[in-house]
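This is what each chain is made of:
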Amino acid sequence: FSSLALQKKVGKKPDEMVLDVLDIYNDFYRGVYNDKEFWNLVKKHYRLEEDDSISNSELNQAYLKSYFFWPEMLDFVKSLKGKYKVGLLSDMNKIMRDHIQKKHTLSEVFQEQMYSCDKNINLIKNDGPKIFELMMKKMGEDSPQSCLFIDNSQNKINVAKKFGMHTLLFKDVDSFLEDTKDYL
């Protein structure tokens, strides 16, 4: 929902649009819809006709440009290699997952990766503990108490905490680097 043209036509901010189409949005992240299907459903919801400013291609480009990467975080994760098992569990749709994987060699950093949109996953973290169980199995871990889950969403932190994981809410890089000292 990063397209300024879409925001202008709809008259809403990105967070408001997400709430308007939350079920569709969550299913996009579960891998139920590809990007074309998703944007067509959003346009249908708002009764928008496609034009040059809100074509699927333009909406995808705006969305991909909204992605922000913290190189300090990647350096931090690299520093853990050999000391801890480190995995990436992300609520992400296919277009963003593929975009990030093309830009970064995450397989060199993370022991395992799991995305909500992956085939045979189709879960987001807010769906409950099943996605955490799947990731733990992939990592060779049996106990949630042996895991530290880090996310920038308090809702997702709450789900992991209820499951029994140690948790850390990511607010910004400096706070994160300071807060992790308590765990490492």
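Scroll up to find the structure this text is about.
Overview of the structure. (Residues numbered from 1 in each chain as written. Predicted model: local features only at pLDDT ≥ 70, side-chain atom pairs only at ≥ 80, totals over all residues. Heavy atoms only, no water.)

1. Quick notes on the packing of helix α4 (residues 35-45) against helix α5 (residues 56-65)
Item 1. At a minimum axis separation of 10 Å, α4 and α5 run at an interaxial angle of 105°. When the axes of α4 and α5 are compared, the pair comes out roughly perpendicular. Counting all contacts with α4, which are made through Asp35, Lys36, Trp39, Asn40 and Lys43, the residues of α5 involved are Asn56, Leu59, Asn60 and Tyr63.
Item 2. Broken down by class, the residue content of the contact of α4 with α5 amounts to three nonpolar, three polar and three charged. (Axes fitted to C-alpha atoms, helices over the stretch in contact; angles between N-to-C directions. Helix = DSSP H or I, 4+ residues; strand = E, 2+ residues; numbered from the N terminus. Parallel < 35°, antiparallel > 145°, perpendicular 65-115°, else oblique. Contact = heavy atoms within 4.5 Å. Nonpolar A, V, L, I, M, F, W, Y, C, P; charged D, E, K, R; others polar.)

2. Some thoughts on unusual backbone geometry
Item 1. Here Arg47, not a glycine, exhibits a phi torsion of approximately 55°, which is positive.
Item 2. As for its position among the elements, Arg47 is in the loop between α4 and α5.
Item 3. A positive phi angle is found at Asn120, which is not glycine, with a value near 70°.
Item 4. Checked against the element boundaries, Asn120 lands in the loop between β2 (112-115) and α8 (130-139).

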